[in-house]
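# Chain and residue survey
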2 protein chains.
Amino acid sequence: MVLSPRPETQFMKSSIGIQTFFEPRGVVIAGATRTPGFGYGIPLMLKRLGWGDRLHLVNPSGGEMHGMKVYREVGEVPDPVDLAVVIVPAAAVPGVLEEIGRRGIRHVVIESAGFAETGEEGREIQARAKKEAGKFGIRIIGPNCVGVLNNSNQFATVEVIDEALNPGPIAIIAQSGVFGNVLLDNLCQRRMYISKAVTLGNRMDVNECEVLDYLGDDPDTKAIMMYLEGAADGALLRETLKRVTRKKPVLILKSGRTGAGRAATASHTGSLSGEDELYDAVFAQTGAVRARTLEELLEMTRVFSTQPLPGGNRLGIVTSSGSLGALATDVAVDEGLVLPELSRATVENVRRAAPKWMNVKNPLDVGPSGQYTRAFPALMEDPAIDMVIAVTIIPFAVVRTLKPTGITGKMWFGDIAEIRKRTPQKPLVVCAVGNTEFIEQMAEVSGDEVPVLTSPETAARSLAELWKYSRWVNG
Amino acid sequence: MVLSPRPETQFMKSSIGIQTFFEPRGVVIAGATRTPGFGYGIPLMLKRLGWGDRLHLVNPSGGEMHGMKVYREVGEVPDPVDLAVVIVPAAAVPGVLEEIGRRGIRHVVIESAGFAETGEEGREIQARAKKEAGKFGIRIIGPNCVGVLNNSNQFATVEVIDEALNPGPIAIIAQSGVFGNVLLDNLCQRRMYISKAVTLGNRMDVNECEVLDYLGDDPDTKAIMMYLEGAADGALLRETLKRVTRKKPVLILKSGRTGAGRAATASHTGSLSGEDELYDAVFAQTGAVRARTLEELLEMTRVFSTQPLPGGNRLGIVTSSGSLGALATDVAVDEGLVLPELSRATVENVRRAAPKWMNVKNPLDVGPSGQYTRAFPALMEDPAIDMVIAVTIIPFAVVRTLKPTGITGKMWFGDIAEIRKRTPQKPLVVCAVGNTEFIEQMAEVSGDEVPVLTSPETAARSLAELWKYSRWVNG
């Protein structure tokens, strides 16, 4: 495999690890400002997160800001300090790196843009910055990024909404800062919470491989979600993925698939995308899960971070809509799952109470029989079934009509969270389509351990990928 | 092409059209009930919709219901009446059809299940019902469906939420009743409104082809969305689509793609699905647009029902996130669009105010330059560009910070609804990702004529399909 990395994106073989980026003892903000922007917001946020006594602001103007002293240069900042966040204009960065190096700080997040992603002049500045960092052995995340978020110690070099600060099992690796930020905005609304997040920008030094290894060993991280525009080093990525996916799933959305897409990313974070087929091969060889769309990346990660690995590829579908059952079935079979016959005991159990018109088979379409609460647990407990999709839909006019009578989604579809607890070894995904209020009701009934997806196709594909990953891990 | 239709799904060559299903003068409900269910809810809803004086309830028990007289049999119902909605158990349907035929009613929606979709016995009942209908020349929608919705006269044989009763340009053809219902629940939340909807169930008589022709000529319908488990008659579908797609777009989601999927649909609405490749060929030959997922069906229909046809395949992308721009670019190029260079005037115009780090090219990633409001209209007006995707994202922490200062999405991204009005001939899709509150703000700013999608991939694919359809119509 030949993916020629450009010199400035090659992994700088430093002996200093990257843990300090996530767990600094003290932080200096080089480029704190009194006007809106990163230099204004980040100090405020860190103070709010309890980092006030470990936070040092630097701006040549000195004085005071947010009730804190502002140092005129990095050299004046008191101990302990082992991480610098740099927000000064690109042209000033090499000089600031020298100050930082002299101060003995060895970890730097450069958030400023205006480097290799912008053309010749920026490339030249990036080269000078790299040289300066090299002199002192400084490790760098960025430039052109928003750095890190660590929810275990509530440390962040990026302003995020409070909801994104809830700790959870998912780690994010992104290249672009704003994209990483927007993922955080969106994930918490899906009840998906984050362990650590990092945006890598131009990857002047630290790249996705080193971060993958770090997150692979992070006890707070259960699944890793990565957006990649191009590998910094293809061969290294392959070796790293092989290692990390043995420990936990890595789900990847890769752009730059087409020539035009590659051209778009080259000027965005200054990376070269490789040929798409190479990436497909690398991901297939390493147990990485490739998402085909942003929505798939988010939803598949939700399934991977909540569901156990299946013991086999036999899918059972219980549904109140034959159509949605058929849509899920198509994708499941396309992706390598099978829909076996239900075991005799299950068929007999369900048939006993079913109306004559109901077909007791797989997918199990209960229609308006009122038998969902019987059929669903029967499917979960069926030894012929390794995993289940429960399609729970009901016209919202019916929901509204039944509301005053006290009939709820739980009575109609069962206590899904409880059913989950009774059969914890089998992956379960709920698929609900329709009115948002109903979907939210189903999310309530399903609890935190059962993902409720709105796409039958993604529900099926997620379980198929979970099965493939299960074979990788256990194979 | 050979898709052997089963005898009971063949188009019954009747001289009576289907308009009466949507515009009856009077309706009889055979199987009105005092307990919750279709027989209870549908009369209530029709009364609420103003059909009280054209509505007649029938139940052998007679008496009164919802403040209305209940007739003991269909024969007693007064004029005018030209449509019957049948909700009695399957076994009773042939007898009720005889009553209906004798009463001179020639249009019947059979909502009951328990026919060909359930096996041998049901097939036999369906055959008897068909024979009975044949005696009188009765046209039938169903069985195993929820019939029709017509928002131009507020007539419906199905209970829907009030929000779904807003008239709009989109027509729905579905097979399954509950699925059609749930589409209605969901579409209104996307600000997609309906002209007419029909669910066909087992298609004992009326099939999708006759409905397509009817909707093709319906002045209230601008785009047709169809969910199909299998064609009732493949050759007829091909001829019908060719004719109808010349008048308006037809977007199709087809399940039963795999063997298991076909088995699922056979027992669901009693239809046989043909081979998937045949359908791909039919759709390609007829200008029909095939959606690959339910979500694509909904979002592509949104774009088709709001956007003009593009004059060419040259896509311009303006974005505040390089990553999302790259994801859209990949799909656009895969699907046959090109991202040309911007014209010299546009480049000069944008460059004049742009910071040095900003690359003025296509896709146009403005980053945090504050130049979105200048770049976006410039792209819309560029003669080198036939259609535009505007990716509008911004970290929600920034949105919250700026809110008290009065800076809104409109100031950041421009008055999108107004920009749309200035260049009405070019398709425009906005893509917003992140926090729901922000996405809703963007929907407000974009107005009713610009769809806001949350998937960059679907935004790109929708425009690519719009271009292909444009060539079909004008080719």
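Since this is a predicted model, take the numbers as computed values, not measurements.

## Digging into the overall build of chain A
Scanning chain A from terminus to terminus reveals 18 helices and 19 strands. The C-alpha radius of gyration computed for chain A amounts to 25 Å, which stays within 12% of the reference 23 Å derived for 475 residues, consistent with globular compactness. By principal-axis analysis of the C-alpha atoms, chain A measures approximately 80 × 50 × 35 Å. The burial tally for chain A puts 65% of its 475 residues in the buried class. Excluding contacts between residues fewer than 6 apart, the proportion of contacts in chain A whose partners are at least 24 apart in sequence is 75%. As displayed, chain A offers around 16,200 Å² of accessible surface, 52% of which is attributable to carbon and sulfur atoms. When the 52 positive and 55 negative side-chain charges of chain A are each reduced to one mean point, those points stand 3 Å apart.

## Examining the environment of Met-300 of chain A
Mapped onto the secondary structure, Met-300 of chain A falls in helix α10 (residues 294–306). On the accessibility criterion, Met-300 of chain A (0% relative accessible area) is buried.

## Concerning the packing of aromatic side chains
All told, the structure shown has 16 aromatic pairs over all chains when counted by the stated rule. With a centroid separation of 4.7 Å and 15° between ring planes, the pair formed by Phe-22 of chain A and Tyr-214 of chain A is classed as stacked. Here the residue Phe-22 of chain A occupies a position in helix α1 (residues 19–22), and Tyr-214 of chain A occupies one in helix α6 (residues 208–216), the gap between them amounting to 192 residues. For Tyr-214 of chain A, a relative accessible area of 16% gives the class buried. Ring geometry for Trp-51 of chain A and Phe-155 of chain A: centres 4.7 Å apart, planes at 55°, overall tilted. Of this pair, Trp-51 of chain A sits in helix α2 (residues 38–51) while Phe-155 of chain A sits in strand β9 (residues 155–156), placing them 104 residues apart in sequence. Both residues of the pair, Trp-51 of chain A and Phe-155 of chain A, belong to the buried class. Joined through ring pairs, the aromatic side chains of Tyr-372, Phe-376, Phe-413 and Phe-438 of chain A make up one cluster. Its end group placed over the ring of Tyr-279 of chain A, Lys-254 of chain A keeps NZ or CZ at 4.4 Å from the ring centre. Here the guanidinium or amino end of Arg-246 of chain B rests over the ring plane of Trp-472 of chain B, the centre of that ring lying 4.2 Å away.

## Section: the relation of the copies chain A and chain B
Expressed as a screw transformation, the operator carrying chain A onto chain B has a rotation angle of 180° and an axial translation of 0.0 Å, and the superposed copies differ by an RMSD of 0.0 Å. The transformation relating the two chain copies, once decomposed into turn and shift, fits a two-fold axis. Minimal C-alpha distance to the rotation axis in chain A is attained by Glu-295 of chain A, lying at 5.3 Å. Both copies contact each other with a shared surface, as 100% of the interface residues of chain A are interface residues in chain B too.

## Quick word on the sheet that holds strand β5 (residues 83–86) of chain A
All names here are of chain A. Here 7 strands make up an open sheet; going across it, the order is β3-β4-β2-β1-β5-β6-β7 and the pairing mixed. What marks the edges here is a single partner per strand, and that holds for β3 (64–65) and β7 (139–141). Of the strand pairs in this sheet, strand β6 (residues 107–110) and β7 are connected by 3 bridges, and their pairing is parallel. Counted as the bridge partner of Val-108 is Ile-140 from β7.

Conventions adopted
- Residue numbering note: each chain is counted from 1, following its sequence as written.
- Key to labels: chains lettered from A, ligands numbered from 1, both in the order written.
- Residues qualify for local features only when their pLDDT is at least 70, as the model is predicted, and side-chain atom pairs are given and counted only at 80 or more; totals for whole chains, interfaces and linings, by contrast, use all residues.
- To get the side-chain values, take all heavy atoms of the structure and skip hydrogens and water.
- Starting at the N terminus, helices and strands are each numbered in turn, a helix being any DSSP run of H or I of at least four residues and a strand any DSSP run of E of at least two.
- With C-alpha atoms as the basis for the radius of gyration, the globule rule is written as 2.2 Å multiplied by the number of residues raised to the power 0.38.
- The rule is simple: take the accessible area with a 1.4 Å probe, protein chains only, and divide by the maximum for that residue type; under 20% is buried, over 50% is exposed, in between is partly exposed.
- By the convention used here, residues are in contact when the closest approach between their heavy atoms is within 4.5 Å.
- The method behind every accessible area is Shrake-Rupley, applied with a 1.4 Å probe, and residues are considered shielded solely by the protein chains displayed.
- Positive charges are assigned to Lys and Arg, negative charges to Asp and Glu, while His and the chain termini are left out of the count.
- Where a charge lies is defined by one atom per residue type, namely NZ (Lys), CZ (Arg), CG (Asp) and CD (Glu).
- Each Phe, Tyr or Trp ring (for Trp, its six-membered ring) is paired with any other whose centre lies within 6.5 Å, and the angle between the two planes then decides the class: stacked below 30 degrees, edge-to-face above 60, tilted in between.
- To sit over a ring, a charge needs its Lys NZ or Arg CZ within 6 Å of the ring centre and within 35 degrees of the ring normal.
- Only residues with pLDDT of at least 70 in both copies contribute their C-alpha atoms to the least-squares superposition of the copies.
- A pair of strands is considered paired only if DSSP assigns at least 2 bridges between the two.

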